[in-house]
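Residue-level structure breakdown
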Amino acid sequence: MAGASVTQDVPYRALNGWLALAIAIPCLALAALTFIGGGVLVFGRGSVGPAFLLVSVAALVVGIVLLAGLITLKPRQAAVLTLFGRYHGTIARDGFWWRNPLTAVAKVSLATEAQETKIITVNDLMGNPITIAAAAIWRVQDAARATFDVGSYHEFVSLQAEAALRNIASTRPYDHDEAENVGEEAGDAKRRLAEKATRIASLRADRDAIHADLIAELGQRVALAGVVVEDVRITHLAYAPEIAGAMLKRQQAGAIIAARRQIVEGAVAIVRDTIARLEQPEDGHAGIVFDDQGRASMAQNMLIMIVGDREATPVVSVGAKP
């Protein structure tokens, strides 16, 4: 886009339309009266009849020119004017106006618009295929650029939104879990990629940062069309169907491992605290003295009871068999 010429928006000094209408109506009335009066005088062979007809024609031309130049603009609407193929200016104020009737008018909406991309498939930074879509909130800021510098600014924004989304999605990881779990057995390139992935925002967890990147990326791409991007939000994000099942199992396994780790850490703390309290004297009573084997057996039994999936079944010893 660096070498593309950019159209500069030029305000057009339009006249008040009500003033033009107030002049046009009397001119048309004058044209009608003088035409009738001139016709009567011509048929009556009056000497001033032709003069009346000339005044009638002049008044009619003025009235038609004034009416032909009237234009109405709604709020948040602009009119881009061209005169014989050349840009002549922009009326960006709502109201009733008069402009040169020889100019062609192209009306452009300045209202805020929302546009959603289709769901696209792209590989994230770690090479996993994902499906993603986003919605962009934008508006036209420069009507002249939107009219002359691109063919259709709606299609331009749509294509650039998809391109920006592809670029952001392909340079960000879906999440940090896979990158953090890359082992030493992976190749150097894979480890370097994983290290890079852990330092940047992920598509799933860091939505605010991703949205800011999308706004900046799309805003730079559509500036040529005179469009300002106000917001971009991801509306759909998932693994592609071909790997969704495997990724779901990986996420479930990670959740199970994290839960087990937390349970084991808590169980170890409970066992240590229990044995320490049993060995500590309390209320004048001596604590229980464990040897290393008894302490290990106590810890083993407690860990099995706390960590096991099934409820503990107590076994009561009533003495040795005879």
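Counting from 1, residues in each chain are numbered in the order their sequence is written. In keeping with the predicted nature of the model, local features appear solely for residues at pLDDT of at least 70, side-chain atom pairs appear and are counted solely at 80 or more, and the whole-chain, interface and lining totals rest on all residues. As a rule here, side-chain values come from all non-hydrogen atoms in the structure, and water together with hydrogens is ignored.

1. Some points on the pairing of strand β3 (residues 77-83)
The rule is simple: take the accessible area with a 1.4 Å probe, protein chains only, and divide by the maximum for that residue type; under 20% is buried, over 50% is exposed, in between is partly exposed. Here a strand is any run of E in DSSP of at least two residues, a helix any run of H or I of at least four, and the numbering for each starts at the N terminus. Within β3, seven of the seven residues are buried, which leaves it mostly tucked inside the rest of the structure. What you see with β3 is no split at all: Gln77, Ala79, Leu81 and Leu83 on one side and Ala78, Val80 and Thr82 on the other are buried throughout. At least two DSSP bridges between two strands are needed for those strands to be called paired. Two elements, β3 and strand β6 (residues 104-109), share six bridges in a ladder whose sense is antiparallel. Opposite Thr82, over in β6, you have Ala104 as the bridge partner.

2. A few points about the sheet that holds strand β2 (residues 70-73)
The sheet built from three strands is open, its strands ordered β1-β5-β2 with antiparallel pairing. One side of each edge strand has no neighbouring strand; the edge strands of this open sheet are β1 (15-16) and β2. Note that β2 and strand β5 (residues 95-98) share four bridges and pair antiparallel. Counterpart to Thr72 in the pairing with β5 is Phe96.

3. Digging into the nonpolar core
To qualify as a nonpolar core, a set must consist of buried Ala, Val, Leu, Ile, Met, Phe, Trp, Tyr and Cys residues joined through side-chain atoms within 4.5 Å. Counting 37 residues, the largest nonpolar core has Ile130, Ile132, Val140 and Leu218 as its most contacted members. Breaking this core down by element, the ones donating at least two residues are β3, β8 (120-123), β9 (129-140), α3 (143-148), α4 (153-170), α7 (207-222) and β10 (227-239). Per-element accounting of this core gives the leading share, eight residues, to α4. Only heavy atoms enter the contact rule, under which two residues are in contact if any of them lie within 4.5 Å. The contact partners of Val140, leaving out residues within four places of it in the chain, are Val108, Ser109, Leu110, Ala146, Tyr153, Gly226 and Val227. One finds Ile71, Leu81, Ile91 and Trp97 within the second-largest nonpolar core, a separate group that totals eight residues.

4. Describing the sheet that holds β3
Paired through their backbone hydrogen bonds, the strands of a sheet run either parallel or antiparallel. Reading across the sheet, the three strands line up as β4-β3-β6 and stay open at both edges, with antiparallel pairing between neighbours. Edge positions in the sheet fall to β4 (86-91) and β6, since each has one partner strand and no second. Sheet twist, expressed as the mean angle between neighbouring strand axes with direction ignored, is 25 degrees. Convention adopted: a line fitted to C-alpha atoms gives each axis, helices being fitted over their contacting stretch, and angles between N-to-C directions are expressed from 0 to 180 degrees.

5. A word on the packing of aromatic side chains
When the centres of two rings from Phe, Tyr and Trp lie within 6.5 Å, Trp using its six-membered ring, the rings pair. Their planes under 30 degrees apart give stacked, over 60 give edge-to-face, and anything left gives tilted. Tallied over the full model, the rule gives four aromatic pairs. Ring centres of Tyr87 and Phe148 lie 5.4 Å apart, and the angle between their planes is 65 degrees; on these two criteria the pair is classed as edge-to-face. Of this pair, Tyr87 sits in strand β4 while Phe148 sits in helix α3; the two residues are 61 residues apart in sequence, bridging distant segments of the chain. The exposure class of Tyr87 is partly exposed, given its relative accessible area of 25%.

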